[in-house]
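# Fold and geometry: a report
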Amino acid sequence: MPHPYVLLSAAVSLDGYLDDTGPERLLLSGPADFDRVDEVRASVDAILVGAGTIRADNPRLLVNSPGRRAARLAEGRAEYPLKVTVSGSGDLDPAARFWHTGGEKVLYTTDKGAERAHALGLAADVVPLGAELDWRRLLEHLHAERGVRRLMVEGGGTVHTQLLTEGLADELQLVLAPLFVGDPKAPRLFGPGSYQGGRLRMVETRPVGDVVLTRYEPTAPGTGPLPSAADHHWLALACELAAECPPSQTAFSVGAVVVAADGTELARGHSREGTDPVVHAEEAALAKVDPTDPRLVTATVYSSLEPCARRASRPAPCARLVLDAGVRRVVTAWREPDTFVAGADGSGVLAGGGATVVVLPEHEDRAKAPNGHLLGR
Ligand SMILES: NC(=O)c1ccc[n+]([C@@H]2O[C@H](COP(=O)([O-])OP(=O)(O)OC[C@H]3O[C@@H](n4cnc5c(N)ncnc54)[C@H](OP(=O)(O)O)[C@@H]3O)[C@@H](O)[C@H]2O)c1
Ligand SMILES: [Zn+2]
């Protein structure tokens, strides 16, 4: 089920704190950065904060610039982004500004929390998600029921930590403020947890007034059947590679990327690359990795089309090559049609060899695009 694009936004002190312990919210960034945040808010469909942030900061979470609000309206969007909060307890102050400013509001909570929220008469659409709050279900619901395609998350640390450790963040916009908090009782930006993968990819860094904004993208593949946000990034890259294949009337155009568990790209390839007129994408990519590389056993292969189960041009089909390389996780955009091989079942071969196959149909159109002439389109 599709999720919105999830953008985490936070400001942090040089010693890693989100706030101090005083009654007022600590202002970490300055006017130029508040204006930048306003611009990001104006660009999204929804803004989410945890209940802890509502209790601690009593924020409004508005688009403050009248020009940006007018531009949203002119584009046929709501004047203000949808405001979203999460609470297990449902214990929120009904007088908080969150409920009484801006546009529509929704509270995601547990079944018990919903009872409490209804008793308090919170001015929001209350959505119970069961006995516990499940972030994947929350994101699916926002996408399907609220049409949210871009979600900005403005904290606090508890929420940011969960979205990162569950591999659900597409982007982190971090502002580093030139000051120290120095109080161990103050809230930290990120708490302990099993963060997936190693280094993030830095996509931008720039000064904004006296703070520095850095944008990062997580790169770690998901685990088992659970897709991570980075799975979408890597599969999109495989689809881009598919578009680079020399066209053929007798074979599909496919792209493939091999990625280690820590998010390091090990190799990439595409069909008929270089001087080999019959090479397949997964075959070309795997041929570039040292077969003794210990990272292969926990790696993921991204292939724009399901790896083949049978082929005329070489003895070993790609599903077999993937298993022989030791790889046990494959992410793909679509299943192989019967165009060249009847009953091709690469996923069945992979599953039979103990590999997990994850299909992300959101990428199907892009994966099929360079194959339109073979699909009768
Ligand atoms: N510098 C910045 O950019 C920035 C931005 C935002 C916030 N902050 C600071 O961050 C601090 C608040 O952070 P925080 O970590 O305490 O709060 P938070 O992340 O805003 O909210 C945590 C609360 O959200 C609910 N929640 C989160 N995940 C849940 C789950 N999986 N299941 C059920 N409920 C869940 C719980 O609410 P219930 O307790 O109601 O169950 C939990 O107590 C404040 O000091 C604020 O000033 C700073
Ligand atoms: Zn193949």
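Let us look at the structure shown here.

Definitions and cut-offs
- Residues numbered from 1 in each chain as written.
- Chains lettered and ligands numbered in written order.
- Predicted model: local features only at pLDDT ≥ 70, side-chain atom pairs only at ≥ 80, totals over all residues.
- Heavy atoms only, no water.
- Helix = DSSP H or I, 4+ residues; strand = E, 2+ residues; numbered from the N terminus.
- Rg over C-alpha atoms; globule rule 2.2 N^0.38 Å.
- Buried < 20%, exposed > 50% of the residue type's maximum accessible area, 1.4 Å probe, protein only.
- Contact = heavy atoms within 4.5 Å.
- Areas by Shrake-Rupley, 256 points an atom, 1.4 Å probe, with all protein chains shown as cover.
- Lys, Arg positive; Asp, Glu negative; His and termini not counted.
- Charge placed at Lys NZ, Arg CZ, Asp CG, Glu CD.
- Near = heavy atom within 4 Å.
- Polar contact = N/O pair within 3.5 Å; in protein donor to acceptor, adjacent residues only side chain to side chain.
- 1 Å grid on protein atoms, 1.4 Å probe; cavity = no way out; pocket = protein on both sides within 12 Å on 5 of 7 lines; lining within 4 Å.
- Sits in = over half its atoms within 2 Å of the grid points.
- Nonpolar A, V, L, I, M, F, W, Y, C, P; charged D, E, K, R; others polar.
- Points joined across faces, edges and corners; volume = space filled by probe spheres on them.
- Domains from an automatic or database assignment.
- Pairing = 2+ DSSP bridges.
- Axes fitted to C-alpha atoms, helices over the stretch in contact; angles between N-to-C directions.
- Donors = N, O, S within 2.8 Å, 3.2 Å for Na, K, Ca; no water.

### Observations regarding the overall build of the chain
Looking only at helices and strands, the chain features 12 helices and 14 strands. The C-alpha atoms of the chain give a radius of gyration of 23 Å, which matches the 21 Å a tight globule of 377 residues would have. Along the longest, intermediate and shortest principal axes, the C-alpha atoms of the chain span 70 × 40 × 40 Å. Counting the 377 residues in the chain, one finds 51% classified as buried. Restricting to contacts in the chain with at least 6 residues of sequence separation, those with at least 24 account for 70%. Entry remark: accessible area of the chain is about 16800 Å², with carbon and sulfur atoms responsible for 54%. Mean positive and mean negative side-chain charge positions of the chain (39 and 49 charges, respectively) differ by 1 Å.

### Points about the site of ligand 1
Residues in contact with ligand 1 amount to 26 residues; listed here are only the nearest, Thr 53, Arg 55, Ser 87, Ser 89 and Thr 158. Between an oxygen atom of ligand 1 and a side-chain N or O atom of Asp 19, the distance comes to 2.7 Å. One nitrogen or oxygen atom from the main chain of Gly 157 is found 3.4 Å from an oxygen atom belonging to ligand 1. Out of a free accessible area of 920 Å², ligand 1 has 80% covered by protein chains. Here ligand 1 occupies the largest pocket. Secondary-structure elements contributing two or more residues to the shell around ligand 1 are strand E1 (5-13), helix H2 (51-57), strand E3 (82-87) and helix H7 (157-165). Across the shell around ligand 1, the residue classes tally to 11 nonpolar, 11 polar and four charged.

### A word on the layout of surface pockets
Counted as a void, the largest pocket has a volume near 1000 Å³. In terms of lining, the largest pocket is formed by 41 residues, of which the most central are Arg 25, Thr 53, Asp 57, Pro 59 and Glu 154. Mapped by element, the contributors of at least two residues to the lining of the largest pocket are E1, helix H1 (31-43), strand E2 (46-50), H2 and H7. No other element matches the six residues that H1 contributes to the lining of the largest pocket. Class assignment for the residues of the lining of the largest pocket results in 17 nonpolar, 12 polar and 12 charged. When its volume is computed, the second largest pocket comes out at roughly 510 Å³. Taken together, 27 residues make up the lining of the second largest pocket; nearest its centre are His 3, Pro 4, Asp 170, Ala 229 and His 232. Listed by contribution, the elements that provide at least two residues to the lining of the second largest pocket are E1, helix H6 (135-146) and helix H8 (229-242). The residues that make up the lining of the second largest pocket include at least three from each of domain 1 (5-217) and domain 2 (229-374).

### Concerning the sheet that holds strand E4 (residues 105-109)
Strand order in this open sheet of nine strands is E5-E4-E3-E2-E6-E1-E7-E9-E8, and the pairing throughout is mixed. Looking at strand neighbours, the two that pair on one side only are strand E5 (125-128) and strand E8 (201-208), the edges of this open sheet. This sheet shows a mean twist of 20° between the axes of neighbouring strands, independent of strand direction. Of the pairings in the sheet, the one linking E4 to E5 comprises four bridges and is parallel in character. Its bridge partner being in E5, Val 106 is matched across the sheet by Asp 125.

### Here we look at the coordination of the zinc ion (ligand 2)
Within the protein, His 280 (ND1), Cys 308 (SG) and Cys 318 (SG) serve as the donor atoms for the zinc ion (ligand 2), at 2.0 to 2.3 Å. One chain supplies every donor for the zinc ion (ligand 2), spaced along it as H-x27-C-x9-C. In this pair, His 280 sits in the loop between strand E11 (265-270) and helix H9 (281-286) while Cys 308 sits in the loop between strand E12 (300-303) and helix H10 (318-324), placing the two residues 28 residues apart along the sequence. Taking the relative accessible area as the measure of exposure, Cys 308 reaches 7% and is therefore buried.

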